Structure formats: C-alpha cells, structure tokens
Amino acid sequence: MEFKLAAKAAAAWPSPAHALALRGETGGSRVGFAGFGSAATGTKALRLRAASNSATPVAKEGRVDQSETVTLGSIRQTLIKLEDSIIFCLLERAQYRYNADTYDSSYFHMDGFEGSLVEYMVRETEKLHVQVLHPIADSININKKIWNLYFDELLPRFAKEGSDGNYGSSALCDTSCLQALSKRIHNGKFVAEAKFQQSPEAYRLAIEAQDPVQLMELLTFETVERAVEQRVEVKAKIFGQDVSTAAPPARKIDPSLVAGLYRRIMPLTKEVQVAYLLGRLD
C-alpha cells in the first residue's frame, strides 16, 4: 500500500497550517487490518450472537452475557477510563513530529512484506492479539473507518510538521492510538446490549422492523454527548499542560481537537450499536 500526502479539510476541527492527509489510490487511507487488537474488549468478551468455536453447541439462552458487568453503569465507567487512555496516547504521539517517512512504503523494507512501517507494526501486533481474541471480534468491525479518521483527519492536526527521525517510536504510538480508539468505539457492542437489557420492548419493534434510523434515534442522547465532549476537553487541558514552561503553561495538544475527535467517535460508536442491535434477535 502506498500513501501520498495531500491536503484535506475537516469541519469538525480547526484547520491547521499543515493539514496533511495520508491518502490511498482511491482517495482515502486504506487498511487491511482486522481489529487493531481491540474489536473484542475485556477478558469476558461479550458473546453477542456468534456461535461458539467449541465443538459443543451453545444453548441459545447462553449466547448473551447476562452478568452484572453488562450494565450501563459499569460500561459507562469503562468508557470514562478509555477517555484517559485515548488522551494519553495522543499526548505521547504529539511528542514526535509528523515523520512522513513512517507512512511511506518506499522508506521501509521487510522481506515478504510490502507496505509502510506503521502498516507493518499494526499487522504484527494484530497477529499476536488475534491468537487470544474472541472470534466475535470480526463480526462487527469498522476499523477501516477508524484508520482513515486517525491518519486523514486527526494526526495531521496535532503532530508538528517535519521529521525528527523517530519513525519507530511514531509507529508504536500510532498503533497504541488506533487500538485505544478501536476499543472505545467497539465497546458500542456492550453499550447496545446493556441498553437492550434495560428496555427490551423499546428496541424490539425497531429490531423486528430492521429499522436502523429508529434504532439510531433510540440510541441518541445529545445532552449526554455534549457532556462527554466537555469532559474530554477539560481532561485534555489538565493532562496536556506543559508545566516546564512559564505561566500560563503551554498545551501539548489542543483540547478542542480532543472534543472534536469525540464528535466523530460517538457517531461511530452508535454505528456499532446499531449493527449489533439489528442482529440481536437472531
């Protein structure tokens, strides 16, 4: 895969002077990776609606985890903790410059592999994680969109222009960012299950009608989403302070960029929820 640098605008975030984007031959970043190690989250992966990989059949009533961990309260706490993870991953990546060679396949060579350094890093990480992930990880997967979001819209807006030679470190940080974003967004499977268990009749009619629009309406709470945006922006202000500078402290990353990121994360999370719910009664 060969990436090219091109200009790209995104209304959700302030436009920087160096709004570069990694673009593939079809006009957007392309990725062949399944889940960044995160499509199935937690040690007790939600069984959702996949068949067991065991030779022993699984009873229909046992396909969904009914434990206390699948509650809106517990999942909400998980999502709040993931906010910290995402912000710290971005802050770690922000310490390095953009380092375009990290994403140029012509600057990286590995026997048996054609692609950039970051693609190789993600692929090898995937190969390790897939050995221990629940097979349901592949059932609902929007990581291509997450890849494009990160490389086309996010990274060019917080990484400083130029190169500092830290290509390997940049690729490692990119991989961590992708995994954190994927984990947060694919947790929508758990959110959807908890919401269904809380109000099954409210969702059942929309599911039986296979109506994604109605499901999206049921899942959308704008006041909650605005509160999340405000919370992550405050966190980014606190976590991203450069206390080594004179008062007032400089920011390692623009807090409004993190709020803008969440304006993109939450619709993707709901997309995962809708996809899960449409098959919930199977």
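Counting starts from 1 at the beginning of each chain's written sequence and moves along it residue by residue. Per-residue local features are limited, in this predicted model, to residues with pLDDT of at least 70; the limit for side-chain atom pairs, both in listing and counting, is 80 or more; totals at the level of whole chains, interfaces and linings are taken over all residues. Calculated side-chain values reflect all of the structure's heavy atoms, with hydrogen atoms and water omitted.

### As for the environment of Phe-196
Working step 1: A helix here means a DSSP run of H or I that spans at least four residues, while a strand means a run of E at least two residues long, and both kinds are numbered starting from the N terminus. Relative to the elements of secondary structure, Phe-196 occurs in helix H5 (residues 188-198).
Working step 2: Here's how the labels work: a residue is buried when its accessible area is under 20% of the maximum for its type, exposed when over 50%, partly exposed in between, all with a 1.4 Å probe on protein chains only. Take Phe-196: its relative accessible area is 5%, and that puts it in the buried class.
Working step 3: Separated by 84 residues in the primary sequence, Phe-196 and Arg-280 have C-alpha atoms spaced 8.8 Å apart.
Working step 4: Contacts are assigned to residue pairs that have any heavy atoms within 4.5 Å of one another. With near-sequence residues (within four places) excluded, Phe-196 lies in contact with Tyr-203, Arg-204, Ile-207, Leu-277, Arg-280 and Leu-281.

### A word on the pattern of salt bridges
Working step 1: One speaks of a salt bridge when a side-chain nitrogen belonging to Lys or Arg is within 4 Å of a carboxyl oxygen belonging to Asp or Glu. Scanning the model with the defined rule gives 14 salt bridges in all.
Working step 2: Across the salt bridge formed by Glu-83 and Lys-235, the nearest N and O atoms sit 2.9 Å from each other. Within this pair, whereas Glu-83 is found in helix H1 (residues 72-94), its partner Lys-235 is found in helix H8 (residues 222-239), the two being separated by 152 residues in sequence.
Working step 3: The partner of Asp-174 in a salt bridge is Arg-93, and the shortest N-O contact between them spans 3.0 Å. Of this pair, Asp-174 sits in helix H4 (residues 167-186) while Arg-93 sits in helix H1; the two residues are 81 residues apart in sequence, bridging distant segments of the chain.
Working step 4: Residue Asp-174 is classed as buried on the basis of its relative accessible area of 0%.
Working step 5: Judged by relative accessible area, which is 0%, Arg-93 ranks as buried.

### Comments concerning the side chain of Thr-269
Working step 1: Along the polypeptide, Thr-269 turns up in helix H9 (residues 255-278).
Working step 2: With residues up to four places along the chain from it excluded, the contact list for Thr-269 reads Arg-184, Ile-185 and Gly-188.

### Regarding the confidence of the model for the chain
Working step 1: For every residue, the predictor states its confidence as a pLDDT score lying anywhere from 0 to 100. Averaged over every residue, the pLDDT of the chain is 80; residues scoring 70 or more account for 72%.
Working step 2: The low-confidence segment residues 1-34 (pLDDT under 50) makes 104 contacts with residues lying over four places distant or belonging to another chain.
Working step 3: The low-confidence segment residues 40-65 (pLDDT under 50) makes 44 contacts with residues lying over four places distant or belonging to another chain.

### Regarding the side chain of Ser-170
Working step 1: Inspection of the secondary structure assignment puts Ser-170 in helix H4.
Working step 2: Note on Ser-170: relative accessible area 0%, which makes it buried.

### Things to note about H5
Working step 1: Most of H5 sits out of view: nine of its eleven residues are buried.
Working step 2: Of the positions making up H5, those classed as buried are Gly-188, Lys-189, Phe-190, Val-191, Ala-192, Glu-193, Ala-194, Lys-195 and Phe-196.

### Structural notes on the packing of aromatic side chains
Working step 1: Between rings of Phe, Tyr and Trp, where Trp is taken as its six-membered ring, a pair exists when centres lie within 6.5 Å; planes separated by under 30 degrees are stacked, by over 60 edge-to-face, and by other angles tilted. Tallied over the entire structure, the rule returns eight aromatic pairs.
Working step 2: Between Tyr-98 and Tyr-103 the ring centres are 5.7 Å apart and the planes differ by 55 degrees, which places this aromatic pair in the tilted class. For the residue pair Tyr-98 and Tyr-103, the accessibility class agrees, reading buried in each case.
Working step 3: Between Phe-108 and Phe-113 the ring centres are 6.3 Å apart and the planes differ by 75 degrees, which places this aromatic pair in the edge-to-face class. Phe-113 carries the same exposure label as Phe-108, and that label is buried.
Working step 4: Among the aromatic residues, those joined into a ring-pair cluster are Tyr-98, Tyr-103, Trp-147, Tyr-150 and Phe-151.

### Let's talk about the packing of H1 against H9
Working step 1: To get an axis, a line is fitted to the C-alpha atoms, and for a helix only the part in contact is used. The angle between two axes follows their N-to-C directions and goes from 0 to 180 degrees. Here H1 crosses H9 at 125 degrees, and the two axes come no closer than 12 Å. Put simply, H1 runs oblique to H9. Where H1 crosses over H9, the handedness of that crossing is right-handed. Between H1 and H9, the residues in contact are Leu-82, Glu-83, Ile-86, Ile-87 and Leu-90 and Val-258, Leu-261, Tyr-262 and Ile-265, respectively.
Working step 2: Ten residue types, Ala, Val, Leu, Ile, Met, Phe, Trp, Tyr, Cys and Pro, are classed as nonpolar, four, Asp, Glu, Lys and Arg, as charged, and the remainder, Gly among them, as polar. When the residues that make up the contact of H1 with H9 are grouped by side-chain class, the tally is eight nonpolar, no polar and one charged. When an angle is under 35 degrees it counts as roughly parallel; over 145 it counts as roughly antiparallel; between 65 and 115 it counts as roughly perpendicular; any other value is oblique. By convention, the crossing between two helices is left-handed when the near helix turns anticlockwise from the far helix through less than a right angle, and right-handed when the turn is clockwise.

### A closer look at the environment of Ala-275
Working step 1: Along the chain, Ala-275 falls in helix H9.
Working step 2: On the basis of relative accessible area, Ala-275 is assigned to the partly exposed category, the value being 30%.

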